[in-house]
Amino acid sequence: MDAHLRDLRYFMAVAEELNFTRAAQRLHLSQPALSKQIRGLETTLRAQLFRRDRRQVELTAAGTALHAVARCLLQDWDDGVAVVGDAAAQDARVLRAGTLTSIGRALYPAITDQFAKRQPGWRVELHTCGWGDPTAGLRDRAADAAFVWLPIDAAEIETEVLATERRFVAISARHPLAGRQIIEFSEIVNEPVAALPASAGSQRDFWLAVDARAGQPPRVAAEVSSADEKFEIVSSGAAITLLAEGNADIYSREGIVCIPVSGLEPARLAIAWRRSDRRPPVLDFVQACREAADTQKRNLRTGRSGYHGHSSTTGESPRSSATPNPDPPDDPNDRSFNEARPYRNG
């Protein structure tokens, strides 16, 4: 029986982590299921691939040999799939855009309008990716461009900021702080939180506000890979979560209140693309994003924005799907939708 590519990917995860628990988390599998898959691969190859005891996991000689072969094989396969996908997209005149959350902010319609002017006959397909991939499909070439939240750990990815927004906290409407107009981060630093998967890397740390905790580790109540999972936990009162200002309305849920948090750096929504990808449709899509963001910024300044999320220019806080609030006076410390500016990784 031949080994499947999936089995080799499981093997590579364990070989790279040298820890079955971390590898299982990375693959979004249970540890027993991963162990079963590795045993099956060892049976197929008639070789022991790992030597493990209570303290460590290490590759055997056979595992070391397979590691070199599997890495090249999987890379060749992924490259081949990418070439086929790019050719198919070019032939179909489709640009694949990845995203991690709903874009909202009236940005997406403006972007597609601008793109249509630059690339007549092309269309954009928007694909939502799991939160375990902070590049929203760019890393494995499932996307040509992507809307991402910074930071991301990917030196090969180029990014440019489209919007800068305050961070809010989503809490249960039954939470003692639910009636507040603003919350200082120090007031919620000890609260249990819903976290992105470990594979999200520095993006997970950002939404846990690790840099504002003075070395104190967050109390992670659960790892979540989708908005539905996250807000189900929040509405139950089991955890809180940080989110961008513009997503507070997009992900409005019954029984949840979203309140601005002071003492945190703002969130940055960016358009991202592979630095090596110089195809005209991709570069035109990036330019369309720049132009749409610039237009939105000008409209916000003149009060003509089509943006209906949380803009600091209206100072709306807090928000609850059950209790709408009137607009208080303008916030002089507006940091939302600042100038779109380059942000470089690596």
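Structure report, in brief. (Residues numbered from 1 in each chain as written. Predicted model: local features only at pLDDT ≥ 70, side-chain atom pairs only at ≥ 80, totals over all residues. Heavy atoms only, no water.)

### Remarks on the pattern of salt bridges
What counts here: Any carboxyl oxygen of Asp or Glu within 4 Å of a side-chain nitrogen of Lys or Arg constitutes a salt bridge here. Helix and strand definitions here come from DSSP, where helices need a minimum of 4 consecutive H or I residues and strands a minimum of 2 consecutive E residues; each element is numbered from the N-terminal end. Partly exposed residues are those whose accessible area sits between 20% and 50% of the maximum for their type, while under 20% is buried and over 50% is exposed, using a 1.4 Å probe and protein chains only.
Counted according to the given criterion, the structure contains 20 salt bridges. One salt bridge connects Arg 118 with Asp 284, and the closest N-O pair in it is separated by 3.7 Å. Of the two residues, Arg 118 is situated in helix α5 (residues 107-118) and Asp 284 in helix α9 (residues 280-302); the sequence distance between them amounts to 166 residues. The class of Arg 118 is partly exposed, set by a relative accessible area of 34%. The buried category is assigned to Asp 284, whose relative accessible area is 18%. We note a salt bridge from Glu 187 to Arg 180, for which the minimum N-O separation is 2.9 Å. The exposure class of Glu 187 is partly exposed, given its relative accessible area of 35%. Linked by salt bridges that have partners in common, Arg 96, Asp 144, Arg 274, Asp 277 and Arg 279 make up one network.

### Looking at the environment of Ala 178
Looking at the secondary structure, you find Ala 178 in the loop between β7 (167-172) and β8 (183-184). Linking Ala 178 and Ile 256, residues 78 residues apart in sequence, is a C-alpha distance of 8.6 Å.

### Topic: the layout of surface pockets
Applicable threshold: A cavity here means a set of 1 Å grid points, computed over protein atoms only, where a 1.4 Å probe fits but cannot escape. A pocket is an open set with protein on both sides within 12 Å along at least 5 of 7 lines, and lining residues have an atom within 4 Å of a point. Grid points are joined across faces, edges and corners, and a volume is the space filled by probe spheres set on the points. Ten residues, namely Ala, Val, Leu, Ile, Met, Phe, Trp, Tyr, Cys and Pro, are considered nonpolar, four, namely Asp, Glu, Lys and Arg, are considered charged, and the remaining ones, Gly among them, are considered polar.
For the largest pocket, the calculated volume is near 1,100 Å³. Arg 9, Arg 26, Asp 78, Arg 139 and Asp 140 are, among the 29 residues lining the largest pocket, the residues nearest its centre. Those elements that place two or more of their residues in the lining of the largest pocket are α1 (5-17), α2 (20-27) and α4 (61-92). No other element matches α1, which puts 6 residues into the lining of the largest pocket. Across the lining of the largest pocket, the residue classes tally to 9 nonpolar, 7 polar and 13 charged.

### Quick notes on α9
What counts, and what does not: Here the expected span of a helix is defined as 1.5 Å times the quantity of residues minus one.
The end-to-end C-alpha distance of α9, which contains 23 residues, comes to 33 Å, matching closely the 33 Å that a straight helix rising 1.5 Å per residue would cover. Trailing α9 by a residue or two, Gly 303 shows a phi angle of about 75°, which is positive.

### Some thoughts on unusual backbone geometry
In this structure, Pro 151 follows Leu 150 across a cis peptide bond, with omega equal to 5°. Along the chain, the position of Pro 151 falls in the loop between β5 (145-149) and β6 (157-165). For Ala 136, which is not glycine, the phi dihedral falls at a positive 55°. Take Ala 136: it is sitting in the loop between β4 (123-128) and β5. Judged by its relative accessible area of 0%, Ala 136 is buried. For Arg 141, which is not glycine, the phi dihedral falls at a positive 65°.

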